[in-house]
Structures are given as C-alpha cells and as structure tokens.
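Listed below, chain by chain, are the residues.
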Amino acid sequence: MPVLTVALLFGGRSSEHTISCATAGGVLSAIDRDKYRVIPIGITRDGAFTLEEDRAEKFTLNPAAMPEVGDNGTRILWPESTASRELRVVDPDGGIRSLGEVDVVFPILHGAWGEDGTLQGMLELIGLPYVGDGVLASAVAMDKHFAKVVFAQAGIPVAPGVTVTARGWASDPEAAGAAIDALGWPVFVKPARAGSSVGVTRAESPAELPAAMATALAEDSKVLVEAAMVGREIECGVLGGRDGGAPRVSLAGEIVVTGRGFYDFDAKYLDAPGIDLVCPTELTAEQYASLADYAARAFEAVGGSGLARADFFLTEQGFVINELNTMPGFTPISMFPKCWLASGLSYPELIDELIQLGLEAVR
C-alpha cells in the first residue's frame, strides 16, 4: 500500500489555538507512520501558515506552558491551481523548496477561521481533499443560533433560548434582560460562535447577567442565552457513512459533575477535578435508540460529511440537543475518541477512518 501524504493543519487565529495545538500533538503521536507521511502546518495567531516540527511532545497541553504555534519565519505556499497538489515552503532565507504532493488535508482547528467553514472554503477553492465537514455543515454547526433553528426544523428538541446581539444589548439591555428573565434562572450565557466552553458563564440571577454578557461578547458579537437544563449530560460521536451509507453513532458517554459548576475549559483540557467522563454510560436500549436517532438526524440536518460530537441533556421528558461540534475535542482524553474507543475504534484507527472519509467525501 502506498504511503499517503497528510497535511496536518493546526493552531489558528481563534481563542482555541492552544486546544488545536494539543490535538495536533495527539494526532502526531498516534497516526500510523507506515501508512502516512505527515506535513505539520501550524497557523500562527496572526494567521501565517508555517512549516512546523514533527514533534508530538512539543504540543503537550499543561497549565504551566500552553502549546503555541510561533512564527519561525517559514511560509507555506499552497497550490497555484486545482491542476496541482504540490505544497511548497519559503524558508526564512527566502529559498523555496517543494514538500511534495498532498493527498489529503487534515484540519484540526477549533473555533473561528478553522471550524466555521472559512478554511474549508479555501481548501475547496484550491481543490484539495480534506478531512471533516464541508463549508455549510461547518458554518451552520458553528453558529449555535442557526444550528438550533435547523435542529428544531428537523424535529429534534432544543433548549429554550434567546439570541442577543452586541448592538441589541448596547441599545436596549432592559428588553434583552426581560426576554432572558422569562427563561427562568439560572441561565447559560454563550458566545454563539465559539467552542471549548470559551466565554461561557452560568448566571444564577439577573445581577450576574451583565458580567456574563461582557464575557461572552468579548468572544463574539452574538450571544445565545439558554435556560439551564435539568438532566444528565450525554454525548456521542458521529462518523459519516462509508460508500454512501448512513451516519454511524458511537456508544454514549456521560459528563458527571461532582464538584464544579459545569464542564468548563479547565475540566475539558487541563484535567481539573470535579468532572468525570464516563464512557460507555448506562442507558436503556430505548434511550440509546432515541439518542442515536437524534444524533444521526442532527448530523444529516446540517449536511455533515465527516465527524461530529453530538451533545444532549437527558431530561425527564427525553433528550434535548445542546450542540453539534464538527471538530470536537480530539485529544486522547477527549470524549469523542473515548466514545469511539468504547465502540471498538482505537485512537489510531479513528484517525485512519477520518482520513479515509476525507478521501471519499463528495460535498
């Protein structure tokens, strides 16, 4: 079997830069080197595409030294047309050399300018196959407001919520506050287009709303405020079907909160105490069937074609979708790979499956 060349893209301009770097570390350490040659391409916080070192240990996530793509002076030159798949790099001394042809791009960026369809559009324009969801699915799922509209239209229960723009909050905070108050307290205040729990606050009362809105608006100009749901937090992984088949849904995992307000950034990525990730979790056959149906329908509703993690609340009335992540946390300790490991796919096998889906994708 010939070795395929994978351009691994990570870093980026969003506030989730370090999480993307940590994901890169996980992929670099686990990808099958007998099958794949990897070209690590880091994107700096300023948006420069640089040739990075192929060293997984450089991107280990820890609170003392968060991983970062620095500007080493190199610049990646993408193909000049769809007639070529050759990547080249400009070295710091100005010399240009070929990195060879790329078979598939593996973008593992989280947040804006990576997970929202913008990068996918660039890859579509230059004709490079890539792993993950396409432009529309990425854009819709990234915007929590529009995703809720699409899910509701597909018949999937959604949490009561209110969308507030920066302009609306600045011009008439009383009206926005009244609409939010009608949801009941507490509420979760979320940037509409951010992930990894960045900018998310649980507000217990109207007095805490202004600070929560300021935190969310620092990340995005649009904020989704949702009623706090009472129930279990259940997640599952979704993979696109092979050869035109239906989406595949993993076993379910559960976020068990034992000593934190909610599943925040530190708990997700820095292994902070107070949260347990249980996978597989206990569900009845009927509950799992409902979960798998809703997850597959949500994936198809946005036009998914690669992978996603579907997040739900299991309430007394049944499942309510929280969100669909088209590039979920993908470090070895993240829920998405944990769920697929419980379902029979190891981390290296999951990477391989995603690459094969990227090569097959017709978007």
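Residues numbered from 1 in each chain as written. Predicted model: local features only at pLDDT ≥ 70, side-chain atom pairs only at ≥ 80, totals over all residues. Heavy atoms only, no water.

**Q** I'd love a proper account of the overall build of the protein, names of residues and values included.
**A** Across its full length, the protein holds 11 helices and 16 strands. In terms of C-alpha radius of gyration, the protein reaches 20 Å, essentially the compact-globule figure of 21 Å for 363 residues. Dimensions of the protein, computed from the C-alpha atoms along their principal axes, are close to 60 × 50 × 40 Å. Burial analysis of the protein (363 residues in total) assigns 52% to the buried set. Sequence-distant contacts, at least 24 apart, represent 64% of the contacts inside the protein between residues at least 6 apart. A total of about 15000 Å² of accessible surface is found on the protein, and carbon and sulfur atoms cover 53% of it. (Helix = DSSP H or I, 4+ residues; strand = E, 2+ residues; numbered from the N terminus. Rg over C-alpha atoms; globule rule 2.2 N^0.38 Å. Buried < 20%, exposed > 50% of the residue type's maximum accessible area, 1.4 Å probe, protein only. Contact = heavy atoms within 4.5 Å. Areas by Shrake-Rupley, 256 points an atom, 1.4 Å probe, with all protein chains shown as cover.)

**Q** Summarise the packing of aromatic side chains; cite the residues concerned and give the values.
**A** Under the definition given, this model contains six aromatic pairs. The interplanar angle of 75° and the centroid separation of 5.0 Å between the aromatic rings of Phe10 and Phe59 together place this pair among those described as edge-to-face. Of this pair, Phe10 sits in strand β1 (residues 4-11) while Phe59 sits in the loop between β3 (49-51) and β4 (75-77); the two residues are 49 residues apart in sequence, bridging distant segments of the chain. With 5.6 Å between their ring centres and 90° between their planes, Phe49 and Trp78 make a pair best called edge-to-face. Linking Phe49 in strand β3 with Trp78 in the loop between β4 and β5 (86-90), this pair joins segments that are 29 residues apart in sequence. The exposure class of Phe49 is buried, given its relative accessible area of 18%. Clustering of aromatic rings is evident, with ring pairs tying together Tyr294, Phe312 and Phe319. Sitting over the ring of Trp113, Arg13 keeps its end group 4.1 Å from the ring centre. (Phe/Tyr/Trp six-rings, centres within 6.5 Å; stacked < 30°, edge-to-face > 60°. Lys NZ or Arg CZ within 6 Å of the ring centre and 35° of its normal.)

**Q** Quick one: what's the story with the domain arrangement of the protein, residue by residue and with numbers?
**A** Entries for the protein in the domain assignment read domain 1 (4-130), domain 2 (139-158 + 230-360) and domain 3 (161-227). The straight-line distance from the C-alpha centre of domain 1 to that of domain 3 is 34 Å. (Domains from an automatic or database assignment.)

**Q** Describe in detail helix α10 (residues 335-342), supporting the description with residues and values.
**A** Of the residues making up α10, those classed as buried are Met335, Phe336, Pro337, Cys339 and Trp340. Just downstream of α10, Gly344 is the residue with a positive phi angle, here 110°.

**Q** Residues and numbers for unusual backbone geometry, please.
**A** Cis geometry marks the peptide bond from Trp185 to Pro186; its omega dihedral reads 5°. Tracing the sequence through the fold places Pro186 in the loop between α6 (173-181) and β9 (187-191). Backbone torsion omega between Cys279 and Pro280 reads 0°, so that peptide bond is classified as cis. Relative to the helices and strands, Pro280 resides in the loop between β14 (275-278) and α9 (285-301). Positive phi outside glycine occurs at Trp113, with the angle close to 60°. For Trp113, a relative accessible area of 41% gives the class partly exposed. A positive phi angle, close to 55°, is found at Asp243, a residue other than glycine. Note that Asp243 resides in the loop between β12 (232-239) and β13 (248-257). Accessibility expressed as a relative area gives 72% for Asp243, which makes it exposed.

**Q** Account for the side chain of Asp143, naming residues and giving values.
**A** Position of Asp143 among the secondary structure elements: in the loop between α3 (135-142) and α4 (144-153). For Asp143, a relative accessible area of 6% corresponds to the buried category. Looking at Asp143, its side chain comes within polar contact range of the main-chain nitrogen of Phe146, at 3.2 Å. The contact partners of Asp143, leaving out residues within four places of it in the chain, are Ala192, Arg193 and Lys222. (Polar contact = N/O pair within 3.5 Å; in protein donor to acceptor, adjacent residues only side chain to side chain.)

**Q** Any chance you could break down the packing of helix α1 (residues 17-30) against helix α11 (residues 347-360) for me, citing the residues and the numbers?
**A** Between α1 and α11, the least distance of the axes is 9 Å, while the angle of their chain directions is 100°. For the element pair α1 / α11, the angle class is roughly perpendicular. The residues of α11 that touch α1, namely those facing Thr23, Gly26, Val27 and Ala30, are Tyr347, Pro348 and Ile351. The residue makeup of the contact of α1 with α11, split by class, is five nonpolar, two polar and no charged. (Axes fitted to C-alpha atoms, helices over the stretch in contact; angles between N-to-C directions. Parallel < 35°, antiparallel > 145°, perpendicular 65-115°, else oblique. Nonpolar A, V, L, I, M, F, W, Y, C, P; charged D, E, K, R; others polar.)

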